[in-house]
There are 4 protein chains.
Amino acid sequence: MIIVMEKNTPQEQIEQVSEKLKDKGFQVHLSQGVERIIIGAIGERSQAIMEMFETLPGVEKIVPIVQPFKLASREFKHQTSVVRVGDNPIGDGKIQIIAGPCAVESRELFLEAAMMVKEAGATMLRGGAFKPRTSPYSFQGLEEEGLKILAEARELTGLPVVTEVMDPRIIDIVACYADVLQVGARNMQNFFLLRELGKINKPVLLKRGPSATIEEWIMAAEYIISSGNSQVIMCERGIRTFENYTRNTLDLSAVPLIKQLTHLPIIVDPSHGTGKWKLVEPMALAAIGAGCDGLMVEVHQNPSEALSDGPQSLTPENFNTMVKKIQNLKAALENGQ
Amino acid sequence: MIIVMEKNTPQEQIEQVSEKLKDKGFQVHLSQGVERIIIGAIGERSQAIMEMFETLPGVEKIVPIVQPFKLASREFKHQTSVVRVGDNPIGDGKIQIIAGPCAVESRELFLEAAMMVKEAGATMLRGGAFKPRTSPYSFQGLEEEGLKILAEARELTGLPVVTEVMDPRIIDIVACYADVLQVGARNMQNFFLLRELGKINKPVLLKRGPSATIEEWIMAAEYIISSGNSQVIMCERGIRTFENYTRNTLDLSAVPLIKQLTHLPIIVDPSHGTGKWKLVEPMALAAIGAGCDGLMVEVHQNPSEALSDGPQSLTPENFNTMVKKIQNLKAALENGQ
Amino acid sequence: MIIVMEKNTPQEQIEQVSEKLKDKGFQVHLSQGVERIIIGAIGERSQAIMEMFETLPGVEKIVPIVQPFKLASREFKHQTSVVRVGDNPIGDGKIQIIAGPCAVESRELFLEAAMMVKEAGATMLRGGAFKPRTSPYSFQGLEEEGLKILAEARELTGLPVVTEVMDPRIIDIVACYADVLQVGARNMQNFFLLRELGKINKPVLLKRGPSATIEEWIMAAEYIISSGNSQVIMCERGIRTFENYTRNTLDLSAVPLIKQLTHLPIIVDPSHGTGKWKLVEPMALAAIGAGCDGLMVEVHQNPSEALSDGPQSLTPENFNTMVKKIQNLKAALENGQ
Amino acid sequence: MIIVMEKNTPQEQIEQVSEKLKDKGFQVHLSQGVERIIIGAIGERSQAIMEMFETLPGVEKIVPIVQPFKLASREFKHQTSVVRVGDNPIGDGKIQIIAGPCAVESRELFLEAAMMVKEAGATMLRGGAFKPRTSPYSFQGLEEEGLKILAEARELTGLPVVTEVMDPRIIDIVACYADVLQVGARNMQNFFLLRELGKINKPVLLKRGPSATIEEWIMAAEYIISSGNSQVIMCERGIRTFENYTRNTLDLSAVPLIKQLTHLPIIVDPSHGTGKWKLVEPMALAAIGAGCDGLMVEVHQNPSEALSDGPQSLTPENFNTMVKKIQNLKAALENGQ
């Protein structure tokens, strides 16, 4: 890290900073600029170390040089990671399409939806069993009953299932039934949860928090990896901005950025990312253009009867049309290389 | 709620919406505008109900009329709620000052800090025992050992203590030692946690999430209250914006808004709200001007040795000076009324 | 518009609002909800009218029903508008590629760049002659000299040229030389400028302001159209968010939204939209997937010698590669329909 | 500035960067960190220079060390600047209160409002003569007629007047009538306008753009000062965030920040900063607590008949009450020091 001193700092303050740096195990390089002294500190920095120096007398600011994440970075591991979910590799250049309703509402509806999205070309199933929602007065999910339905749908279709886990106490039971455990956007910085997910041996789909920077999101992945589980799939699902026509602003630049900064696969959720079904297809095609490894899409037989997220759910017919366009676009991208 | 139909909607679509409204128990009022039909639906709306209608053919948009929160609203309870913490009433017009270091780092340091802030005028103590942080490589807190130190500090000073709980599994143990349980900004929408906090009989300090709207924040309070615990204290601590000079943008308009929309007390945290100790005093005085019920401030004997949040921590001397200015300002506000 | 009254509003306040509505030419429909009276006001509302009612006693809020824009809306004109620039139609389903350096730096450099991008497949040229920048100490452009070079490049290549105008005083001279007048992001709400651009007979490329909502952006187009010039091309170039890895967050959902809400063509600028040349190609391909009518891309022979925007400029080689991928992708999209 | 090279950069790339730095007049210091080479470049950096190096092979990022503004900075001028408007000094520790309606609507209304706010304690008058608004269909102001009314109000009350100028073509005529020329939030980066305002000899009130960082706002002041006019008054008026209860989020931390970073006076506009009259008084008192030099407040005799900004306008009675509280609070702050 670089420590920028204030203009005309007295010599003793420079020495105080230098001494403290040496105490903490850093090598120190002084450099006299036009207007101020700059101290280069060579060693392992951390957030805590940076903060310690920020308050010493004479210090104007601390500038980090190296990214705070290590295990997730492409510098650490050059080769792209492929996360295997059953027979489906995520990150190997093919597109995985995860589809299904927001919530598991009933056995009949879910099994029917599962068959429909499979026929349309989905390669994995999604469905929420635990649904704590913004309002305490909304439908909260079928809980374990829902997990059993998910497992039955997997038997029926042969497709692996993804479902959300939002509390460390339910990790074990969810891991019993699901193939991929999803961390929802609101839990991206639930560090107790992340740490526990680092101890299981199943892939984790890590959604970006609605106000998380790319760096914070990668740090959340770092939490899981550094706790022992490197099977992390990133999922962009929109960030909060001032725009109100859409529920979130889907940040597709996250796709090439995650690929440049880390070795992890990344998929895109255009359903939550827009909140409007009419925007799902164009944004799904855009995500393919941006180079993502897969999509996660909400589909419901009858969106106007869905217990949650109806407005952003595709009908099976619209989903079917979209999958064809995705496959066509992906084929063109591969031929064009 | 109001349902706005698209221009030139065919009669059958209007009837379909009307029929479905009646099925769900609403009264229906049709109104012919200049360009389109508007359907007034009278009854109890919810997020799920609104979404159901949003996808029916011919519907352009749904406009909610009533706020989604009930128990927290000033309409529901006109009188301002006062939350009692030991002998300290929060919300009765006096200013409560909660102070202490970000984290409990050691018994000696914390007890010393507790005595110092008490002498300077603090009325409650703060300190983190569980500290899961953005980086997995940072100090993670003393955990139960830290809780015991907090309890000892309460004995020593007679001041009640506030500490954070971020996992449902530790609510019981934290409630054993602390007087107020704090929900951190990143957990504001951890609905499992909120629901469990609704079942205990201790005050909950609910921090606003960095990207939460005022409405979402009130809905989080509604979760706790509707689960059985009405002792909720709101805490504004800054939202995320594009500004980089400050760690967060402290939104002081939240103070009068919470007072107008709800009956709950509200305090302000200018330490996290700015991230810079030089901004803490002016923003604390601003918060008093805005009408808050209290402040939560980070104080450390030696900010450049703090294990977390040093840059935003006041020294005991600066805290002492600030408390005098706060008391002076508060007295003027009371006399001026 | 809908006027929602406060709970338990006295009858006289309801009458006061109703009387004032009738005075302003509205028809009035009262509707008694579960908790409050709602007043439907049928007539031509405007921002000013809405504000007038917002402050009347007993009024809780005003809810607009109809969008504030008219001439730009797809409701007003169902057919997609095609804006012709020389021989190039924008909005007819083909992709227009506008390319060139950020600023016209010298005659030699610009003419060379113009030839290079033409050979690579660009269909229009871009280059800034007037460059007032964030810092008063930066290069401010060649001004009229730059315009002449633009015109010479058009002669040389046969491609039409786009350049920015940021002051009403220079509209005439810029219109003399350029084929399309660009309104920069920072001038999107410079209403004097917009009004003057409504009086000329040349296409206007209207960039979205970095903190403009979609609605405000369409209202800026409405300004130009209602002043007499309907040749407006929208250009998404990124909005300001909290993310720092990128200069702006490119909001590609603007592409399908503008197409659904208006009849205007829309292009995308992935150079300003990301600020990093390594993100330009993936985001350009994403924009094609989202359905845009064209792209605007910064290209410089030697980005590390560019007087502005070097970091986001492609080399001619990279541009060449990207254009091939764009053409390939566009062909696939057309075949797939 | 500091140039951070990528991990394992080949020696020749380091030399290329070093050579180019020397060509541009920098001294070069190489420093070998744990993982990468860091190049310290000593000399006058600018945005353009930084961008030039960002694209050289092997360069990971450029880190600026010194702030980009000079003349506006407190480092450049330690003493706080006082801007004189008639007999009113802004920045000398007293509070100036600028009040009046959003727009000059008619001679009678404005002269009456002027007398009312003077009696209540206003020290300057505000009123818009040119009002280009978001919608082309809204009231656009009385233009020169409005300026004459402003001048008449000054004669009548003895108070100086502030009004907005948004086009370089009207600077002369506005400067003829007004005592302070205001740059509106939407024109904060209208650099042609800023440059022209640098050439006049009247104070300029510079509003912060709704999505401007503190640094960009100071750079806008730098434009005016470096063009020859150092009489700049900063005005915080709220930034755009995701919050919808308020029109903008008033960022009061801007007050102490501007005072720490620059020598310029700063006032606060709680009317635009909130958009709701019920929030104006608490936020005005908060701004006083934060240490501002003045307030700018919209007052209208009959907000529900105002042609613009009615919802955020105080009645003269409410304004009167607020001024008393402001004076009381200010007196307490002065006594408490």
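Note that the structure is predicted; figures quoted are calculated from it, not measured.

Caption draft 1: Up close: the domain arrangement of chain A. Domain annotation of chain A identifies domain 1 (2-63) and domain 2 (83-336). Each of domain 1 of chain A and domain 2 of chain A has a C-alpha centre, and the two are 44 Å apart.

Caption draft 2: How the structure looks around the relation of the copies chain A and chain B. With an RMSD of 0.0 Å, the fit of chain A onto chain B corresponds to turning through 180 degrees and sliding 0.0 Å along the axis. On the angle and the small slide along the axis, the relation comes out as a two-fold axis. For chain A, the minimum C-alpha distance to the rotation axis belongs to Ser 211 of chain A and amounts to 2.9 Å. With an isologous cut-off of 70% or more, the 98% of interface residues of chain A that recur at the interface of chain B puts this contact in the isologous class.

Caption draft 3: Seen up close, the pairing of strand β7 (residues 96-100) of chain B. Residues and elements named next belong to chain B. The element β7 is extensively covered by neighbouring structure, given that five of its five residues are classed as buried. Sheet analysis places β7 next to strand β14 (residues 294-298), joined by five bridges and oriented parallel. Its bridge partner being in β14, Ala 99 is matched across the sheet by Val 297. Judged from the two bridges that link them, β7 and strand β8 (residues 124-126) form a sheet pairing that is parallel.

Caption draft 4: Summary view of the interface of chain A and chain B. At the junction of the two partners, chain A supplies 55 residues and chain B supplies 55 residues. On inspection of chain A and its partner chain B, the count reaches eight salt bridges. Two residues, Glu 305 of chain A and Lys 20 of chain B, come together in a salt bridge whose shortest N-O distance is 2.6 Å. Taken together, chain A and chain B are joined by 13 residue pairs in polar contact (both at pLDDT 80 or more). Residue assignment for the side of chain A that touches chain B shows that the elements contributing at least two residues are α2 (47-54), α6 (191-197) and α7 (214-226) of chain A. Class assignment of the residues belonging to the side of chain A that touches chain B gives a composition of 23 nonpolar, 15 polar and 17 charged.

Caption draft 5: Quick peek at the relation of the copies chain C and chain A. Here chain C sits on chain A after a turn of 180 degrees about the axis and a move of 0.0 Å along it, with an RMSD of 0.1 Å. Most of the interface of chain C is mirrored in chain A, where 100% of its interface residues are also at the interface.

Caption draft 6: Structural detail: the side chain of Asn 229 of chain B. Residue and element names in this part refer to chain B. If you trace the backbone, Asn 229 turns up in the loop between α7 (214-226) and β12 (232-236). Exposure remark for Asn 229: the relative accessible area of 1% places this residue in the buried category. At 3.1 Å, the side chain of Asn 229 and the backbone oxygen of Leu 197 are in polar contact. Excluding residues that lie within four positions of it along the chain, Asn 229 makes contacts with Leu 197, Gly 198, Ile 200, Lys 202, Val 204 and Ile 224.

Caption draft 7: Fine view of the environment of Gly 275 of chain D. Residues and elements named next belong to chain D. Here Gly 275 shows up in the loop between α9 (270-274) and α10 (277-290). Once the C-alpha coordinates of Gly 275 and Thr 246 are considered, the two residues, 29 residues apart in sequence, prove to be 6.0 Å apart. In contact with Gly 275, other than residues within four places in its own chain, are Arg 247, Pro 311 and Gln 312.

Caption draft 8: How the structure looks around the packing of aromatic side chains. One pass over the full model with this rule turns up eight aromatic pairs over all chains. In this arrangement the basic side chain of Arg 195 of chain B is found over the ring face of Phe 192 of chain B, its NZ or CZ atom lying 5.4 Å from the centre. Positioned above the aromatic ring of Phe 53 of chain D is the side chain of Lys 20 of chain D, whose terminal nitrogen or guanidinium carbon lies 5.8 Å from the ring centre.

Caption draft 9: The sheet that holds β8 of chain B, seen in detail. Residue and element names in this part refer to chain B. Strand order around the closed barrel formed by eight strands is β7-β8-β9-β10-β11-β12-β13-β14, with parallel pairing between neighbours. Recorded for the sheet is a direction-independent mean angle of 25 degrees between the axes of neighbouring strands. Bridging between strand β13 (residues 266-268) and β14 involves two bridges; their strand directions are parallel. In the sheet register, Ile 267 faces β14, and the bridge partner there is Gly 294. Sheet strands in contact with α7 are β11 (204-207), β12 and β13, and its direction is about 160 degrees off that of β12.

About the thresholds
Residues numbered from 1 in each chain as written. Chains lettered and ligands numbered in written order. Predicted model: local features only at pLDDT ≥ 70, side-chain atom pairs only at ≥ 80, totals over all residues. Heavy atoms only, no water. Domains from an automatic or database assignment. Least-squares fit on C-alpha atoms with pLDDT ≥ 70 in both. Contact = heavy atoms within 4.5 Å. Buried < 20%, exposed > 50% of the residue type's maximum accessible area, 1.4 Å probe, protein only. Helix = DSSP H or I, 4+ residues; strand = E, 2+ residues; numbered from the N terminus. Pairing = 2+ DSSP bridges. Salt bridge = Lys/Arg side-chain N within 4 Å of Asp/Glu carboxyl O. Polar contact = N/O pair within 3.5 Å; in protein donor to acceptor, adjacent residues only side chain to side chain. Nonpolar A, V, L, I, M, F, W, Y, C, P; charged D, E, K, R; others polar. Phe/Tyr/Trp six-rings, centres within 6.5 Å; stacked < 30°, edge-to-face > 60°. Lys NZ or Arg CZ within 6 Å of the ring centre and 35° of its normal. Axes fitted to C-alpha atoms, helices over the stretch in contact; angles between N-to-C directions.

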